[in-house]
Amino acid sequence: MSPPLERPSLPRRWLAGWGSVLLLLTSTITSTVAMVFATLVVTAVLLISAGGVGLLLLVPLVWIGGVIGHAERHRVVALAGRRVDPPARRPQPLWRRLLLDQHSWRSVAYLFLHALWGAVSGWFTLLLLTQVLLMLGVPLLGSRLPDDGVQLFGVLPVDGVVPLATAWTISLVLLLIMPLLAHLLTSVDVMFARWLLGRDERKVVEHLSARVDTLTDTRREAVDSVEAERRRIERDLHDGPQQRLVSIAMTLGMAKQAIHEDPESAADLVDEAHRSAKEAIVEMRHVARGIVPPILADRGLEAALPALAARSAVPVSVDVRDVGRLDPTTEAITYFVVSEALTNVAKHSGAEHAEVTVTRDDERVTAVVSDDGRGGADPTRGTGLTGLRQRVTAVDGTLDVESPSGGPTRLTATLPLRTGRSL
């Protein structure tokens, strides 16, 4: 259980609130810039009908809006001290960045809102702070105080000792609580910045929800796959090697009893036990299908895949291009994908030749298995493709199968590299 978040003390919140005051004060300048920008954008939109002249003005304005929006997000974060996650940036063509960039248009919308809200909140804060400071400086005037007193905001007269003392006290209280009030006011600025200048939280939530659903499904499938594999190994051991070893033990027992009385029969029994032992070794190899082979653990895919292809019933060409050593999980899954795919080729495709290509870049490893068989591979018909997809998706990989009727079949597995885990 994570410890509860520590809330800042009131003095620290009060000191941090002066940053919010500064944010509101600087909004008097930024809102003026936003107002000029909004006027230019409206003018450009109105001029679009005039032979496209407005479009020539709108394109640079939208780009400039994105730049201003980027600067505004940093201003809000620096002065308000609250988090505004930057928007996700994806590579896109220049023409799209200039006119159709989503962040730039959202920045334009922010500047329209800021032109109104920033002006209201900024100038209100500036006038209030100016009047408070002027009122607090009244005692310094002494005898130079006008006979008719002072005027608050230029319209409210304050004359006499008691009214002046009351106004001075109220001004002092306002100065003390102004950082806290500014913190509340800047919540609107932060909301606008998060909504239009920051990351789209709705899309983030949707992505995370889809991610949780995917992880839940893949975890369940991985657990089911592991349990099915365990039952297979247990069943194969019980039905094959275990029975064979029991038979070998009984045969050797009979040979032990007959070795003195009938050496020839004992020799025949030992020969039978020897044959059974070799058959048990073969059965153990079949049972071990799905367990990491030593050559993979010792030398990696570049050695293990050619050895796997050499045992295939169908001739296989292998091309492993500078893959090197990967983390054990990625190596094992890649190996098993190729192994199961070649098994499917031999059992179901009727192919005369297959090809295996494994490549790697900075982010992923890709294994492609293709054959010249009859095609028509279907994951729902028990061809082993469902198990392959479960293995691959358990580590955020993808599995694509192209197998039109009549062939050829092409299976592509893409696995993300696990940073810092390569050997």
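Below is a summary of the structure that appears in this document. (Residues numbered from 1 in each chain as written. Predicted model: local features only at pLDDT ≥ 70, side-chain atom pairs only at ≥ 80, totals over all residues. Heavy atoms only, no water.)

## As for the packing of aromatic side chains
The test is simple: Only the six-membered ring of Trp is used, alongside the rings of Phe and Tyr, when aromatic pairs are assigned; centres must lie within 6.5 Å, and planes under 30 degrees apart are stacked while those over 60 apart are edge-to-face, with the rest tilted. What counts as a helix is a DSSP run of H or I of at least four residues, what counts as a strand is a run of E of at least two, and both are numbered from the N terminus. Relative accessibility decides the category of a residue: with a 1.4 Å probe and only protein chains considered, values under 20% of the type maximum give buried, values over 50% give exposed, and everything between is partly exposed.
Going through the model one piece at a time under the given rule, you end up with two aromatic pairs. Taken together, a centroid distance of 5.7 Å and an interplanar angle of 90° make the contact between W14 and W18 edge-to-face. Linking W14 with W18, this pair stays in helix 1 (residues 10–47), spanning four residues, or about one helical turn. Note on W14: relative accessible area 28%, which makes it partly exposed. The exposure class assigned to W18 is partly exposed, which follows from its relative accessible area of 29%. Pairing Y335 with F336 gives two aromatic rings, centres 5.7 Å apart and planes at 75°, and the pair type is edge-to-face. Given a relative accessible area of 5%, Y335 falls into the buried group. For F336, a relative accessible area of 9% gives the class buried.

## A look at helix 1
For an α-helix, 3.6 residues make a turn, and residues three or four places apart therefore share a direction. Where we set the bar: Expected span of a helix: the number of residues minus one, times 1.5 Å. Consider a residue and the seven residues that end there alongside the seven that start there; fitting an axis to each set, the bend is the angle between those axes.
Taking 1.5 Å per residue as the helical rise, helix 1 with its 38 residues ought to reach 56 Å, and the 53 Å between its terminal C-alpha atoms agrees with that figure. T28 marks the point of greatest bend in helix 1, at about 40°.

## Here's the deal with the packing of helix 2 (residues 53–80) against helix 4 (residues 102–136)
What counts here: Axis definition: a line fitted to C-alpha atoms, over the contacting stretch in the case of helices. Angles run 0 to 180 degrees between N-to-C directions. Oblique is the label for every angle not falling under 35 degrees (roughly parallel), over 145 degrees (roughly antiparallel), or within 65 to 115 degrees (roughly perpendicular). Two residues form a contact once any of their heavy atoms are found within 4.5 Å. Any residue outside Ala, Val, Leu, Ile, Met, Phe, Trp, Tyr, Cys, Pro, Asp, Glu, Lys and Arg is labelled polar, Gly included; the first ten of those are nonpolar and the last four are charged.
Two elements in contact, helix 2 and helix 4, have axes separated by 7 Å at closest approach and are oriented at 70°. The angle between helix 2 and helix 4 falls in the class roughly perpendicular. For the pair helix 2 and helix 4, the contacting residues are L58, V62, G65, G66, I68, G69, H70, E72, R75 and V76 in the first and H103, S104, W105, S107, V108, Y110, L111 and H114 in the second. Residues of the contact of helix 2 with helix 4, tallied by class, amount to eight nonpolar, eight polar and two charged.

## Structural notes on the side chain of S27
Tracing the backbone through its elements, the reader meets S27 in helix 1. In this structure S27 touches R75, H114, G118, G122 and D189, once residues within four positions along its chain are discounted.

## Topic: the environment of R106
Within the secondary structure, R106 is located in helix 4. As a C-alpha pair, R106 and L196 span 90 residues in sequence and 5.2 Å in three-dimensional space.

## Brief notes about the nonpolar core
The cut-off we apply is this: For the purposes of this section, nonpolar cores are sets of buried Ala, Val, Leu, Ile, Met, Phe, Trp, Tyr and Cys residues that join through side-chain atoms within 4.5 Å.
If you look at the biggest cluster of nonpolar residues, it comprises 35 residues, and the most contacted ones within it are L305, Y335, V338, L342 and V358. Elements supplying a minimum of two residues to this core: helix 10 (301–310), strand 3 (316–320), helix 11 (328–349), strand 4 (354–360), strand 5 (364–371), helix 12 (385–393) and strand 7 (409–416). It is helix 11 that provides the largest number of residues to this core, a total of nine residues. Formed by 21 residues, the second largest nonpolar core is a distinct cluster that contains V62, Y110, A115 and A193.

## Digging into the sheet that holds strand 7
Test applied: Think of it this way: DSSP has to see at least two bridges between two strands before they count as a pair.
One open sheet holds the five strands; their spatial order is 3-4-5-7-6, and the pairing between them is mixed. Looking at the sheet topology across the chains shown, the edges are occupied by strand 3 and strand 6 (398–402). For this sheet the average axis-to-axis angle between neighbouring strands, irrespective of direction, equals 10°. When strand 5 meets strand 7, the two strands line up antiparallel, connected through eight bridges. By the bridge assignment, V365 is partnered in strand 7 with L415. On top of the sheet, helix 11 reaches strand 3, strand 4, strand 5 and strand 7; it is set at about 10° to strand 5, its chief contact.

## Regarding a nonpolar patch on the surface
Going by this rule: Like-charged residues within 9 Å of one another, or nonpolar side chains (Val, Leu, Ile, Met, Phe, Trp, Tyr) within 5 Å, are grouped into patches, provided each residue has over 30% relative accessible area and no salt bridge. Areas reported here follow the Shrake-Rupley algorithm with a probe of radius 1.4 Å; residue values treat only the protein chains shown as occluding. The salt bridge criterion pairs a side-chain nitrogen of Lys or Arg with a carboxyl oxygen of Asp or Glu, the two atoms within 4 Å.
A surface patch of nonpolar side chains, about 570 Å² in accessible area, is lined by W168, L172, V173, L176, I177, L181 and L184. With respect to the helices and strands, the residue L172 is situated in helix 5 (residues 161–197). The exposure class of L172 is partly exposed, given its relative accessible area of 31%.

## Focus on the pairing of strand 5
Counting buried residues in strand 5 gives seven out of eight residues, a clear majority hidden from the surface. As judged from the seven bridges shared by strand 4 and strand 5, these two strands associate in the antiparallel manner. Each residue of the ladder has a partner; that of T357, found in strand 5, is V368. As consecutive antiparallel partners, strand 4 and strand 5 are separated by three residues.

## What to know about the pattern of salt bridges
This structure, assessed with the given rule, holds five salt bridges. The salt bridge involving E72 is made with R75; its shortest N-O contact spans 2.7 Å. Note that E72 and R75 are positioned in helix 2 at a spacing of three residues, about one turn of the helix. Classification of R75 as buried rests on a relative accessible area of 13%. Here E331 makes a salt bridge to R325, at a shortest N to O gap of 2.9 Å. For E331, a relative accessible area of 3% gives the class buried. Members of the salt-bridge network, linked through shared partners, are D361, E363 and R364.

Interpretation note: all reported values are geometric properties and have no functional meaning in isolation.
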